[in-house]
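Descriptive analysis of the structure
Next come the chains, spelled out residue by residue.
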Amino acid sequence: LSNIEGSEMPPSTDLLQGTLDLLILQTLALGPMHGWGVAQRIQQVSNEVLQIGQGSLYPALHRLEYKGWIQADWGNSENNRRAKFYSLTVTGRQQLEAELDTWERLSSAIGLVLSRVPEASA
Amino acid sequence: MIKDMISEWLTRLRFLVKRPKPADLDDELKFHVEQATAANAAAGMAPEEARRRALVEFGGVERAREQCHEQRPGWWLGTVAQDVHYALRGFRRNPVFTITVLATLALGIGATTAVFSVVDRILFRSLPYAHDNRLVSVGLVQSLERQEFMLGGFYYEWQDNQRPFTSMTFEHGTYECSITQANPVYLQCADVAQNFLPTLGVSPELGRNFTPEEDLPNGPKVAMISDGLWLSRYNRDPGVLNKTIMIDDHAVRIIGVLPRDFEMPRLQETDIVRPAAFDIAAQHTVNSGIGWPIWAFARLKPGVSIQEARSEMEPLFLHTQQWIPAQFRNEFKLQVRSIRDRQMQDAYTVAWILLGAVFAVLLIACANVASLFSARGAARERELAVRSALGASRGRLIRQTLTEAFLLAATGAAAGCVLAEILLRIFIAIAPTGVPFLANARLDVRIVLFAVLISLLCAALFGIMPALEKPRATALVGRQTKSGAHARLRRVLVAAQIGISVVLLSGASLLVKSFWNLEQQNLGMQTRDVLTLHIPLNWERYPSGQAYMNFYLRVEAALRRLPGIAAVGMTNSLPPDANSWHGGRRLADIFIGGKPSTPPGTGGTVVARMVTPDYFRVLQIPIVQGRGFTEEERSSSSDFIILSKLLAAQLFPQGDAIGQHIQFANYNPYFVLDGPVFTIVGVAADVKNAGLAAQDEPEYYELRSNHHPESWDQHHIFLLESTLPVSVVTPWIRSQIAQLDPTAPAEIGVLSQDVHKLADRPRFETALLGFFALCGLAMAVIGLYGVIAFVAAQRTQEIGVRMALGATRLDILRLIAGEGVRLIVLGGVVGLAAALATVQLLKSLLFNVGPYDPAIYAAVAVLLALVALTATLIPARTAMKVEPVEALRYE
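These lines cover the structure that appears in this document, whether it is placed above or below.

How each quantity is defined
- Residues numbered from 1 in each chain as written.
- Chains lettered and ligands numbered in written order.
- Predicted model: local features only at pLDDT ≥ 70, side-chain atom pairs only at ≥ 80, totals over all residues.
- Heavy atoms only, no water.
- Axes fitted to C-alpha atoms, helices over the stretch in contact; angles between N-to-C directions.
- Helix = DSSP H or I, 4+ residues; strand = E, 2+ residues; numbered from the N terminus.
- Parallel < 35°, antiparallel > 145°, perpendicular 65-115°, else oblique.
- Left-handed = near helix turned anticlockwise from the far one by under 90°.
- Contact = heavy atoms within 4.5 Å.
- Nonpolar A, V, L, I, M, F, W, Y, C, P; charged D, E, K, R; others polar.
- Phe/Tyr/Trp six-rings, centres within 6.5 Å; stacked < 30°, edge-to-face > 60°.
- Buried < 20%, exposed > 50% of the residue type's maximum accessible area, 1.4 Å probe, protein only.
- Lys NZ or Arg CZ within 6 Å of the ring centre and 35° of its normal.
- Pairing = 2+ DSSP bridges.
- Expected span 1.5 Å × (residues − 1).

Looking at the packing of helix H3 (residues 54-67) of chain A against helix H4 (residues 61-71) of chain B
Angle between the axes and distance between the axes: these two values describe a pair of packed helices. Two elements in contact, H3(A) and H4(B), have axes separated by 8 Å at closest approach and are oriented at 20°. Accordingly, the angle class assigned to the pair H3(A) and H4(B) is roughly parallel. In the packing of H3(A) onto H4(B), the handedness of the crossing is right-handed. Contacts from A:Gly55, A:Tyr58, A:Pro59, A:His62, A:Arg63 and A:Tyr66 in H3(A) reach B:Ala64, B:Gln67, B:Cys68 and B:Gln71 in H4(B). Split into classes, the residues belonging to the contact of H3(A) with H4(B) amount to 5 nonpolar, 4 polar and 1 charged.

Looking at the packing of aromatic side chains
Each aromatic ring pair is described using two quantities: the centre-to-centre distance and the angle formed by the ring planes. Counted under the stated rule, the structure contains 19 aromatic pairs over all chains. An angle of 70° between the planes, with centres 6.4 Å apart, marks the rings of B:Phe149 and B:Phe332 as edge-to-face. With B:Phe149 in strand S2 (residues 145-151) and B:Phe332 in the loop between helix H10 (306-321) and strand S11 (333-338), this residue pair connects regions lying 183 residues apart in the sequence. Residue class for B:Phe149 comes out buried when judged on its relative accessible area of 10%. Assessed through its relative accessible area of 6%, B:Phe332 is described here as buried. By way of ring pairs, the aromatic residues B:Tyr542, B:Tyr548, B:Phe551, B:Tyr552, B:Trp712 and B:Phe718 are connected into one cluster. The residue whose ring lies beneath A:Lys67 is A:Trp69, and the NZ or CZ to ring-centre distance is 4.6 Å. In this structure, B:Arg266 is placed above the aromatic ring of B:Trp295, and the distance from its NZ or CZ to the ring centre is 3.6 Å.

Examining the sheet that holds strand S1 (residues 33-34) of chain A
All names here are of chain A. Read across the open sheet, the 3 strands follow the order S1-S3-S2; overall the sheet is antiparallel. Taken across any chain shown, the strands that pair with only one partner, and hence form the sheet edges, are S1 and strand S2 (70-76). Relative to strand S3 (residues 82-88), S1 runs antiparallel, the two sharing 2 bridges. If you follow His-34 over to S3, its bridge partner there is Phe-85.

A look at helix H12 (residues 347-379) of chain B
The end-to-end C-alpha distance of H12(B) is 47 Å, a good match for the 48 Å that 33 residues give at a rise of 1.5 Å each. With 26 of its 33 residues buried, H12(B) lies for the most part within the structure.

Taken by themselves, the reported measurements are silent on function.
Structure below.
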């Protein structure tokens, strides 16, 4: 959180359509979280490489909610503010597993094409 | 998996119904910004700076909010609703455009659908036979019978030796029959060949077809019943098979039920079908050796055309022609045509003409909608540019235009369907009885869809065009930058509309004039205040000519005693209807003083009537030479005859007809001259006796005499000259007849109404085509008005400049009206040329008016010029009144 000067960083890698959904689902698999938390978590875990713009985060969260993969409940945040917490539904969990499978197959296939040992599968 | 899909759909559905609260989203986004601010502050920023940073990082709050909204299922529906609202607002702002488009669409769709629903049954209906297009009607025609028929004596020769058909069959006509047991009922029976149903490709709904044994003379008596009879009498009980019923006192076994959609090829009503059981050998002896008249049908072999079949049958026809007596052998011709042609007769021509007219109307409607949309599109170029500049995507603009087109088309179509239903009912109500299948015409959904689709395409195509072009920045400025191509297209469309409506108008005017001639012509007889009385007697109660004669003479005497009846004439048939029953002779059969009146082989037929002296008095047919019949001659033992002027001129060119003796040839089976000798006592003026539109035919009147009781039969009509109203006399007549025979039904008619009814068909045709022509003209004029008004509005500024530079108001009028006049002249000339080229089609429907009647075309041109000029001058006058100052400030 120390170097928040994100604007000075090189533009973050454009995420593939659908990858953002996967990241959100994976993050929420750890437990209920609000939008801000999801963004921070992804940023942290990816060592600040993946910065989720609010412009895509919230539409994605809403889209997943409308699909019924995640559900939202209003609760109190750690600093006692009213916040919207998202959590995985049963369908969402199944979806996550299916998408993880797909992703692993896809990334190892891409790795093979690029003739490099895919680190992700290790 | 399916469970997942269902639950996902349910979730979506829940969100579709339940709108998320906008405040929730705001709270959520606000929370995010607060968290970011807090994080920034924790990193050591000043509170102010921390918040500013957070907001900058967040970016457009509004954009994020909108994107979240767009995720919602049904968001798309919301934009459609927006488009619809927008379109409706636009329509309200521009009611003339809206109403014009709606009226045009409704008229186009309504008229097309209604007419197509009518002609579809006539032109394209599939007959209820397997492979109905391979079925033909085969037979002979001659001058006394123009609908092909067959003779039993020829049929078997043809059937055994023909090559073009897989099979040939016949029916022996229908006749009245009755079930004579409990619940007696009058029915129509038809006698058919054993292979009749198989040849037509009809299989019984229940039971089986006739066997060859059942078709032999004195074979087992069997019958098939119609589906209608099966329902009404047996309530569809399958146990009806092998039941025995009494038909005309004969026990007949039911062996089958005909399919529900079964119909005889000549469309006669039929309740019971029985084997004809012909004695083939006898066909060469009965009816003068030529056999009974029958009607033959055949199924073409695959690959054989009707023309080929005809030429292949020709040698057989020529062979059997030798059996026809030499006097009229050459009058017979071979006829092979499809069953459909035989059924439809001249309804074909009318149907095609109506179809053509209605497509012309649809074309005009489409052109009208297209030019209206195009004009509107051009006028909205600026609006589109503004919306585009404000961020509306191209797709959104096109969708908006499509929404408008679709809304109009849908509303227009709905109105069109209502109109079609109304029109169809009117058609059926005013239609003459002669048009087959008209009475059960129904709205055709396919054609409604077709018409709607066409109109939608027109509207969409021309509506989208302006939206497809990227709105130019210059359009924002509002300078007049009209795309010339669209303007030219609109002018072409308007000129085309005028042209098409000229074609319609010319056709309609010709029919109106023809109909006028038909109604106004001199029939040669008086029909006003003449009552007709027909008494169909039951032949079982009146078994002989003598019985008929006695009854009719008593009725005549009773009628003469009635007050208000000035004269009572009797006849066995009535002019002018050529299709109602009447007697006829060949001209060649008339002998004068024992010698043939004309060289052998001369064609031509003569109408024959048997009348009493008062016939001429009631109908006021003048005797132009000699005298009429007298009452005394009725009971004299001699025979008297009156010729029509036409016949007298043919038989006695010297004018010496009176007092001559004539006789008629008989054939039983060979020619003899043994009939009564008639003395010619007079020559009567000609009357219309071959239908309203046809040429008069020569005619003679035999005196209905009391010493030939065998000549009296059910063909008997009383003609009453009444000085009192029909409603007064009718009950008196009925009570007189009831006193003589309470079971005798009396059919009383008014002759002038019967004659009026003969004109039903031309009236129908004229009314329909006239209606379409007026529709077409109205739409073309609306289109013209629209385009001129549009051009005038577009040029308001130019007009201002011109007037500021010194143009007079008259110059402006000329400028704007000139545009319209050019279109009128162009459309009018092209239309007249097209009318002259196509009007030939109407020829068979016209009476006493040529297809190139110059007065008609002059009238059409004048009418068009007047109406179209008015449509041009109204907007042109508005343009003329433009105040230059106003116009220049128009920006």
